[in-house]
Amino acid sequence: MTTALSPRRSNLHVVPSPSAPSPLIERAVELDVLRSSVARLESGASGVVVLEAPAGLGKTALLEYGASVAARSGFLVRRAAPGPLERHFAFGVVRALLEGPVREASPGEREHLLDGAAAAAGELLLDGTAPAGDSAMLIAHSVLWLCSAIAERRPLALVIDDAQWADRASLEVLSYLARRVDDLPLLLLIGARADDPDAASDLLTLLGSVRSATVLHPQPLTARGATQLIRRLAPETPAAVCRDCHRAVGGNPWLLGELGRQIAAHGPEALEDSEQDAPHVTAIARTVVRRRLAELCPRDRGVVAALAVIGDGAPPHVLAAVAGVPVGELGPARDALLAAGLLDSGFEAPKTLPCSAAPSAGMRFAHGLIAVAIAEELPRTERERLHREAARALMDCGADPGVVASHLLECGPQADPGVTELLLRAAAAAARGGVPRAAAAYLERALQERAPGDDRGKMLARLGTVAFDAGLPDSRRRLREALREVDDRECRIDVLTRLAALNLVDAGDEGLAQVFEQELAGEDDPDVRLAVEAASLDALLIFPERHAERARRVAAIDLSESADPLLERVVLAHRAWVGTELGAPSASVWAAMARSALDGGLLREEAHWRSAYSLSARVLVATDDPQAGEAIAGMRDVALERGSLRLRVAAEWYAADHALRTGRVGEAENHARLALDLVDDDTNVFSGGAAEVLVCALAERGAFGEARELLRERRLDGALGFAVWEIGLRHARARLWLGEGDFERAYAEAMEAGTLRAEQGRPNPSLEAWRSTAARALAHLGRREEAMALADAELALAERFGAPVPIATALHARAVAEPDHETRIALCRRGLAVAAGSSGLEAVRLRLELGSALASLGRRVEARDALRPALADADAAGAVALAQRARRELVATGLRPRHAAIEGAAALTPRQRQICELAAAGKGNRAIAQQLFLSIKTVETHLAAGYRKLGVNTRSELAAELAA
């Protein structure tokens, strides 16, 4: 007798599911991991458990077990189970998990939950709006703090089943939480199918690869396990039948349970005469479901098909309309489907439904395989018809445009203007709500509709714009397509401007400059030409070989005919930057021009997608202008208002650079670390600039090992390319090698950076003082003539430009190379006159050289007068390496300086001091952690170390000790 499952038999009858779940078979490892994860959470730890396996292997049952253990332990358990249509509902899973606790909280509790950084999560959960721009990271950070607030009262467990159907934005948030979950009483339980080709597999993999994650892969049951499961349902089943069933379904527990029920009701004969020895699991699922459907009446088959298309929890009038039955018939249909074992008898309707205030039909499939099997059995035309009917029914009841559009995404185009209009409305709503990925999907589908009267040019332009805002990998292609079809001038300029902005971050469009040339060649309108020219200047920024052309073009623009104050300021910003790059006379002129560009706030409004504001801020930093800090703060404010992560990273990079130039090593390190903490993707011009400053700051602090580890972790310790930021990193590495005493390596790397900078046409030492670095390395190698030549060349360029920091830097390098002590003394005093009143690092270096030269001539008292302030300023700046040298030099003069502090304010690390200062200003640990993108536990650790070094026990004592 052959007992494998037969797809031809019609005697598979309805067998109701048992009312209580049976213990799980062969899942001891998985159950133990779930129990231990809950136990760890009870003791203050946290964790991530990812269950990854094909359908039917018991992921849902395991998640339910974990949730029940957590609930019994007093945890707040929140669940989400997205369906196939929910991939385009941006942040849908996040809302399903966390909207309830926020909405159900009292006004006072809600205010606490949404305090500080959690406010953005509140806007998403309560109003459905996310910050504009690249908002996923900002929302993720906000959700982290919301979870922290929720978990203050009791541990929080977030359970996500069928995560392969989760929207990408929610998966990004969950990945962010998983990487930072160590310090929260938070447990993430995630189940996902391993074989779904449409899943965001990169993010699902990232979830499982974090340090705190345990990834489980439930396996099919063994033949013994299959026998145990079948005999639990049909105790008298022969062993041979159990083995055949096991082989037929590949050990799939759900299907084995279905076969066990058939045997219990009708004996092994129900499985006879199979033509397939071991059919695929989904094929067997279809067979099981097909047999059950065959016994239903047409009404019930129509309802179950509609449910498979619409999804669980559909409003009754929508489900009835799609099924083509009266609403009153849904109750009997539900009873029949429950009796057939197709529906989950314990399902409770969700509170948030596609149609406002609509009750649910109260139907959910007993297993995901049932819904898949039913949907796959529907002919394509019938499936599309049902999706189209669902879209109409939902639209009629005032459903969210995104919900309607999700069904239209499943339908083929029919040249229907109404469909196009609805998709465009959904795209506009998604863009306004800060979810450009969803907007892009709706616009893609609208373009496929090709309805009469569609303005494809404008649609492509909108698609390119939202793709740019979302940071989608194909945004450049979409913008290029829009440019080919759009005729409207305003749209074309918008597309060109975004193409240029995109190229600044991702320099991969080598033909972009040619596009701008073609655009300008056929344009006579002076206002349009100016707009295109302004965008083209952004496009050329990333091409070093076209620097001279960019300088010529910006100089040739005639602003006398312009009536647009914004574009005038864009051109001024570019002119100031070109002058700064070239090191042209003089720094004060370019600083004044940059300040003029920033006047009126027009550039501030477009700082998130034009480079002009950023360029003006960089000019002020490079010219040592007093307003540089204010301009950088403005960048940071715009980044927070617009939700622009790129601009925030750029602002922190500039702040780090400015702090290092002005002798605040600890602040430079903190800003640079924050810039790198904000991004997880590959290094680009912004994060690369921050890495450059951080390496230099660590070298100044004497933390050479940390600097090398940073380079290794970010894969920047090997060969580098030729991008602007990679050249800067070469010079940063040269400064690191110089600090470590590897002078040959420092000289080689500084010269390589200099050669590339010269090829770029950017000789200004205020941007990269590579000659001074190379000169100091040569001097230590005894090659003083070469060192003096390099230093003299840099001094001439620095004096031509006129900013004080590069002049002081060059004079210091020249003094280091000079063999004559009297000449060294003169050079140092000249440099200190340039840096008059400054406590920056160059002034410290000049005083050190001056003290050393005076001591060499036996003038010890004068030497001490130079070395004492050098030591004080180096200690204050956090420049440990310079402070150590100052102490050695003072000892050589016969003075016993104080030892490096091991307690007191001077002993604090940059991060400890930053946190202690914020605490002294009255901020709590939670607020400090939110501001610095740290965990509360990290803040507590640094604060405890600060208390110990300062000898204080309370926040009230901090301010006095820090000021002492």
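Refer to the structure printed above.
Residues numbered from 1 in each chain as written. Predicted model: local features only at pLDDT ≥ 70, side-chain atom pairs only at ≥ 80, totals over all residues. Heavy atoms only, no water.

Next up on the list: the environment of Val69. With respect to the secondary-structure elements, Val69 resides in helix α2 (residues 59–72). Note on Val69: relative accessible area 10%, which makes it buried. Put simply, Val69 and Arg35 are 34 residues apart on the chain and 7.0 Å apart in space, counted from C-alpha to C-alpha. (Helix = DSSP H or I, 4+ residues; strand = E, 2+ residues; numbered from the N terminus. Buried < 20%, exposed > 50% of the residue type's maximum accessible area, 1.4 Å probe, protein only.)

Spatially, β2-β3-β4-β1-β5 is the arrangement adopted by the 5 strands of the open sheet, whose pairing is parallel. Edge positions in the sheet fall to β2 (76–80) and β5 (213–216), since each has one partner strand and no second. This sheet shows a mean twist of 15° between the axes of neighbouring strands, independent of strand direction. As judged from the 6 bridges shared by strand β1 (residues 47–52) and strand β4 (residues 186–192), these two strands associate in the parallel manner. Pairing of Leu51 across the sheet is with Gly191, part of β4. Relative to the sheet, α2 contacts β1, β2, β3 (156–160) and β4, its axis offset from that of β4 by approximately 165°. Its contacts with the sheet place helix α7 (residues 168–179) against β1, β3 and β4, and it is angled at close to 135° to β4. (Pairing = 2+ DSSP bridges. Axes fitted to C-alpha atoms, helices over the stretch in contact; angles between N-to-C directions. Contact = heavy atoms within 4.5 Å.)

Further remarks concern the packing of aromatic side chains. Per the stated rule, a full pass over the model turns up 2 aromatic pairs. With a centroid separation of 6.5 Å and 55° between ring planes, the pair formed by Trp653 and Phe686 is classed as tilted. Of the two residues, Trp653 sits in helix α32 (residues 645–661) while Phe686 sits in helix α34 (residues 685–700), which places them 33 residues apart along the sequence. The same class applies to Trp653 and to Phe686, which are both buried. An aromatic cluster is defined as three or more aromatic residues linked by ring pairs; in this entry it consists of Trp653, Tyr654 and Phe686. (Phe/Tyr/Trp six-rings, centres within 6.5 Å; stacked < 30°, edge-to-face > 60°.)

With that out of the way, let us pick up the pairing of β1. Taken across its 6 residues, β1 has 5 buried, putting it largely inside the fold. Direction of pairing for β1 relative to β5: parallel, over a ladder of 4 bridges. Its bridge partner lying in β5, Val50 is registered against Val215.

Quick look at helix α39 (residues 784–801) now. Here α39 spans 26 Å end to end across 18 residues, near enough to the 26 Å set by a 1.5 Å rise per residue. If you check which residues of α39 are buried, you get Ala787, Met788, Leu790, Ala791, Glu794, Leu795, Ala798 and Phe801. For α39, the angular spread of buried residues about the axis comes to 165°, placing them on one side. One or two positions beyond α39, positive phi appears at Gly802, with a value near 100°. (Expected span 1.5 Å × (residues − 1). Arc of directions from axis to C-beta.)

With that out of the way, let us pick up unusual backbone geometry. Along the chain, Pro585 connects to Ser586 via a cis peptide bond; the corresponding omega equals -10°. For Glu26, which is not glycine, the phi dihedral falls at a positive 55°. Relative to the helices and strands, Glu26 is located in the segment before α1 (28–42). On the basis of relative accessible area, Glu26 is assigned to the partly exposed category, the value being 35%. The phi dihedral of Ala415 is positive, around 55°, even though this residue is not glycine. Ala415 gets classed as partly exposed once you look at its relative accessible area, which sits at 36%.

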